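Summary of structural features
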Amino acid sequence: MDYEKIFSDTWDVFKENFMTYIIATLVAMIGSILIVTIAPLFYGLVDMAVRGVKGEPIDYKDVFSGFDHFVRSWGFAIVAAVLLLVGYMLLIIPGIILSILLLYAFPLLVIRGYSGVDAIKESIEIGKNNFLDTAIISIILWIISAIGSYVVIGSLITTPIVVIASVVVTYRMIENNDTAYTYVADFEEIDDTSSDTNEGVQRPL
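Reading guide: rules and limits
- Residues numbered from 1 in each chain as written.
- Predicted model: local features only at pLDDT ≥ 70, side-chain atom pairs only at ≥ 80, totals over all residues.
- Heavy atoms only, no water.
- Helix = DSSP H or I, 4+ residues; strand = E, 2+ residues; numbered from the N terminus.
- Buried < 20%, exposed > 50% of the residue type's maximum accessible area, 1.4 Å probe, protein only.
- Contact = heavy atoms within 4.5 Å.
- Areas by Shrake-Rupley, 256 points an atom, 1.4 Å probe, with all protein chains shown as cover.
- pLDDT = per-residue confidence, 0-100.
- Axes fitted to C-alpha atoms, helices over the stretch in contact; angles between N-to-C directions.
- Parallel < 35°, antiparallel > 145°, perpendicular 65-115°, else oblique.
- Nonpolar A, V, L, I, M, F, W, Y, C, P; charged D, E, K, R; others polar.
- Phe/Tyr/Trp six-rings, centres within 6.5 Å; stacked < 30°, edge-to-face > 60°.

**Digging into the overall build of the protein chain**
- Counting its secondary structure elements, the protein chain contains nine helices and two strands.
- The order of helices and strands in the protein chain, counted from the N terminus, is α-α-α-α-α-α-α-α-α-β-β.
- For the protein chain, buried positions account for 42% of its 205 residues.
- Summarising the internal contacts of the protein chain: among those between residues at least 6 apart in sequence, 62% fall at separations of at least 24.
- Of the roughly 10,900 Å² that the protein chain leaves accessible, carbon and sulfur atoms contribute 65%.

See the structure below:
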């Protein structure tokens, strides 16, 4: 797996709409005080990351899109939390392994439109088949999150970066190739006047 490419794409997506992601993350953090809003607001952040990776326009209000999937987001959150709780109760190591295997679960919930159980099952399957890569990416993301957690403003930056990175790597895994998604920064507009059918066609750089 090309880790440099993954984080390069992640940074490109983030900097394209960095203020939007920061504001949306702040809204999610404040809104999560109510507890019941945590799952749908985080779903909204993941949804924004998916749209950003695909080169679609985003708005900070998109963080509320998760409320259209309130039951599904909480269904996933509850199942994942129970599994992780049991895993960490079993001498910690199983919990760490499960945390690694669940890296792709929330992105799959949004990308595939899965139920919580199906997203978890596919994430575990992908993680098992690509455990070393999944573990390395997970550790890097944990380090980034830890760095950001020291101050609030740090989390406002590192949280969307971690979410975007998890979406990028999930696309890589589910498509298993380097053109798994079409991020706008990877393309250029080509105006070929020699053919009307080619006008405005986008081609990889």
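Having put the structure on the table, let's press on.
**Details of the confidence of the model for the protein chain**
- Averaged over the protein chain, the pLDDT score is 85; the fraction of residues at 70 or greater is 85%.
- Here residues 177-205 scores under 50 on pLDDT; set against residues more than four positions off or in separate chains, the count is 49 contacts.

**Re the packing of helix α5 (residues 93-101) against helix α8 (residues 131-148)**
- Between α5 and α8, whose axes approach to 9 Å, the crossing angle comes to 95°. When the axes of α5 and α8 are compared, the pair comes out roughly perpendicular. The residues of α8 that touch α5, namely those facing I96, I97, S99, I100 and L101, are F131, T134, A135, S138 and W142.
- Considering only residue class, the contact of α5 with α8 consists of seven nonpolar, three polar and no charged.

**Structural notes on the packing of aromatic side chains**
- Counted by the stated rule, this structure contains seven aromatic pairs.
- Aromatic pair F67 and F70: ring centres 6.5 Å apart, planes at 20°, arrangement stacked.
- Classification of F70 as partly exposed rests on a relative accessible area of 29%.
- A connected cluster of aromatic rings, assembled from ring pairs, spans F42, Y43, F76 and F106.

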